[in-house]
Amino acid sequence: MEFLNIFIPPHLLGLGATAGLRSLSGNTSEEILEAVRNLIKEKSDFKLGDDDAVAVLDGIQEGSFLWVSINYLLGNLGKKYGETVGVIDLWISTNVLCYK
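Residues numbered from 1 in each chain as written. Predicted model: local features only at pLDDT ≥ 70, side-chain atom pairs only at ≥ 80, totals over all residues. Heavy atoms only, no water.

## What about the confidence of the model for the protein chain?
1) Next: On average, residues of the protein chain score 83 in pLDDT, and 80% of them are at 70 or above.
2) Next: Mean pLDDT values for the elements of the protein chain range from 55 in strand β6 (residues 95–98) up to 93 in strand β4 (residues 54–56). (pLDDT = per-residue confidence, 0-100. Helix = DSSP H or I, 4+ residues; strand = E, 2+ residues; numbered from the N terminus.)

Below, the structure written as structure tokens:
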């Protein structure tokens with residue numbers, strides 16, 4: 001957290017967990033999320049808007065962020081949709097498909 005506080009000015013922060021937390025049983029994922037929320041509140045200058053600011057993404061959200069990230073890195077955002085690339089994410093606990 002000290003590294004973040006030094007190099008990134010404090011802003012409103014949002015964190016999205018992916019399939020690893022979705023796959024945990026019982027209340028384990030919520031306990032982890034609560035520990036992360038507490039760490040941010042106690043050890044950083046970042047602000048959380050509400051408890052949903054640290055949450056588990058559903059598969060559609062995860063795939064959408066992946067598509068945006070890949071196309072951003074390739075310089076494709078802002079181009080016609082047909083000029084972007086599709087993404088297939090095949091992990092053990094989730095399958096995400098984004099395509100053009």
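## Focus on the packing of aromatic side chains
1) Next: Using the criterion set out here, one finds one aromatic pair in the structure.
2) Next: Relative to Tyr-81, the ring of Trp-67 has its centre 5.9 Å away and its plane inclined at 35°; by these criteria the two rings are tilted. Linking Trp-67 in helix α4 (residues 59–73) with Tyr-81 in the loop between α4 and β5 (87–90), this pair joins segments that are 14 residues apart in sequence. (Phe/Tyr/Trp six-rings, centres within 6.5 Å; stacked < 30°, edge-to-face > 60°.)

## Examining the pattern of salt bridges
1) Next: Summed over the entire model, instances satisfying the criterion amount to three salt bridges.
2) Next: Residue Arg-22 is joined to Glu-62 by a salt bridge in which the shortest nitrogen-to-oxygen separation is 2.8 Å. Taken as a pair, Arg-22 in helix α2 (residues 19–22) and Glu-62 in helix α4 lie far apart in primary sequence, 40 residues in all.
3) Next: For Glu-62, a relative accessible area of 10% puts it in the buried group.
4) Next: Counted as one network, the salt bridges with shared partners bring together Glu-30, Glu-34 and Arg-37. (Salt bridge = Lys/Arg side-chain N within 4 Å of Asp/Glu carboxyl O. Buried < 20%, exposed > 50% of the residue type's maximum accessible area, 1.4 Å probe, protein only.)

## Here's the deal with the nonpolar core
1) Next: By size, the foremost hydrophobic cluster in this structure holds eight residues: Ala-17, Leu-21, Leu-33, Ile-40, Phe-46, Leu-48, Ala-53 and Val-54.
2) Next: Once residues within four sequence positions are removed from consideration, Ala-17 is found in contact with Leu-33, Ala-55, Val-56 and Leu-57. (Core = buried A, V, L, I, M, F, W, Y, C linked by side-chain atoms within 4.5 Å. Contact = heavy atoms within 4.5 Å.)

## Some thoughts on a nonpolar patch on the surface
1) Next: Together, Val-68, Tyr-72, Leu-73 and Leu-77 make up a nonpolar patch on the protein surface, roughly 430 Å² of accessible area in all.
2) Next: Topologically, Val-68 is positioned in helix α4.
3) Next: Look at Val-68 and you get partly exposed, because its relative accessible area is 37%. (Patch = residues over 30% accessible without salt bridge, like charges linked within 9 Å, V, L, I, M, F, W, Y side chains within 5 Å. Areas by Shrake-Rupley, 256 points an atom, 1.4 Å probe, with all protein chains shown as cover.)

## Details of the side chain of Asn-76
1) Next: Among the structural elements, Asn-76 can be located in the loop between α4 and β5.
2) Next: Looking at Asn-76, the relative accessible area reads 6%, which means it is buried.
3) Next: Excluding anything up to four places from it in sequence, Asn-76 contacts Asn-71, Glu-83, Thr-84 and Val-85.

## Regarding the environment of Ile-40
1) Next: The residue Ile-40 is located in helix α3 (residues 28–43) in this model.
2) Next: Each C-alpha atom of the pair Ile-40 and Val-54 lies 9.9 Å from the other, and the pair is 14 residues apart in sequence.

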